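# Descriptive structure summary
Residue strings, one per chain:
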Amino acid sequence: LIGVSRIAVAFSLIFTYPLVFTGCRDGVLDVLRVPSEKRTNALMDKLTFGILTLITIAAILLKDLSFVLAFGGATLGNALIYLYPALMFRKLVKDMGDSASVSMKREVYVASSSAILGVVMGVIGATKAI
């Protein structure tokens, strides 16, 4: 059974890494505001090489992944659970304008307090991870 699970994990890593990496590469291009017309194969190849080089250097230097997992869980987990939903709800109510009900406008304050709580817990978790 352990052999089958190892094969399943290897299969998962081999076939999902390209999907995750493509999202990472496209995200870097979006953050750098590279227009789609300038995203040539040469640029994609250079960026792929650069990102893979950084990932390989990080893999060589990091001996203990528990720090990466703890810090990522503390920051990204709290952002995903508390911060992002509150920001999305706030934006939704803002975009609705006058068509938003009074209760929805009041609920923005509750969502904002949830976001603040998430930031505080994220800072505490990140501090504990360090």
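Report follows, based on the coordinates. Since the structure is predicted, the reported quantities are computational estimates derived from the model, not experimental observations.

### Examining the overall build of the protein chain
- The helix and strand inventory of the protein chain stands at four helices and zero strands.
- Mapped in sequence order, the helices and strands of the protein chain form the string α-α-α-α.
- Compactness check: the protein chain gives a C-alpha radius of gyration of 20 Å against a globular reference of 14 Å for 130 residues, more than 25% above the reference.
- With respect to the three principal axes, the spread of C-alpha positions in the protein chain is 55 × 45 × 30 Å.
- For the protein chain, the proportion of its 130 residues judged to be buried stands at 18%.
- Put simply, the protein chain shows about 10100 Å² of open surface, and 73% of that area lies on carbon and sulfur atoms.
- Within the protein chain, the 8 negative side-chain charges are centred at a point lying 5 Å from the centre of the 13 positive side-chain charges.

### Examining the packing of helix 1 (residues 2-31) against helix 2 (residues 41-61)
- Contact pair helix 1 / helix 2: the axes reach a minimum separation of 11 Å and the direction vectors enclose 110°. With respect to their mutual orientation, helix 1 and helix 2 come out roughly perpendicular. By crossing handedness, the relation of helix 1 to helix 2 is classed as right-handed. On helix 2, the residues that touch Y17, F21, C24, R25, D26, V28 and L29 of helix 1 are L43, M44, L47, T48, I51, L52 and I55.

### Here's the deal with the packing of aromatic side chains
- Under the definition given, this model contains two aromatic pairs.
- An angle of 55° between the planes, with centres 4.6 Å apart, marks the rings of F11 and F15 as tilted. Of this pair, F11 and F15 both sit in helix 1, separated by four residues, roughly a single helical turn.

### Concerning unusual backbone geometry
- Phi is positive for R33, close to 55°, though the residue is something other than glycine.
- Relative to the helices and strands, R33 is located in the loop between helix 1 and helix 2.
- For R33, a relative accessible area of 73% puts it in the exposed group.

### Section: the side chain of T48
- With respect to the helices and strands, T48 occurs in helix 2.
- The buried category is assigned to T48, whose relative accessible area is 18%.
- Of note is the side chain of T48, whose polar atom sits 2.7 Å from the backbone oxygen of M44.
- In this structure, T48 is in contact with F21 and R25, ignoring residues within four places of it in sequence.

### Looking at helix 4 (residues 102-129)
- Under the 1.5 Å per step criterion, the end-to-end length of helix 4 is 41 Å for 28 residues, consistent within 8% with the ideal 40 Å.
- Of all the positions in helix 4, only M104, V108, A111, A115, G118, G122, A126 and A129 are classed as buried.
- Elements in contact with the buried residues of helix 4: helix 3 (66-96).

Rules and cut-offs
- Residues numbered from 1 in each chain as written.
- Predicted model: local features only at pLDDT ≥ 70, side-chain atom pairs only at ≥ 80, totals over all residues.
- Heavy atoms only, no water.
- Helix = DSSP H or I, 4+ residues; strand = E, 2+ residues; numbered from the N terminus.
- Rg over C-alpha atoms; globule rule 2.2 N^0.38 Å.
- Buried < 20%, exposed > 50% of the residue type's maximum accessible area, 1.4 Å probe, protein only.
- Areas by Shrake-Rupley, 256 points an atom, 1.4 Å probe, with all protein chains shown as cover.
- Lys, Arg positive; Asp, Glu negative; His and termini not counted.
- Charge placed at Lys NZ, Arg CZ, Asp CG, Glu CD.
- Axes fitted to C-alpha atoms, helices over the stretch in contact; angles between N-to-C directions.
- Parallel < 35°, antiparallel > 145°, perpendicular 65-115°, else oblique.
- Left-handed = near helix turned anticlockwise from the far one by under 90°.
- Contact = heavy atoms within 4.5 Å.
- Phe/Tyr/Trp six-rings, centres within 6.5 Å; stacked < 30°, edge-to-face > 60°.
- Polar contact = N/O pair within 3.5 Å; in protein donor to acceptor, adjacent residues only side chain to side chain.
- Expected span 1.5 Å × (residues − 1).

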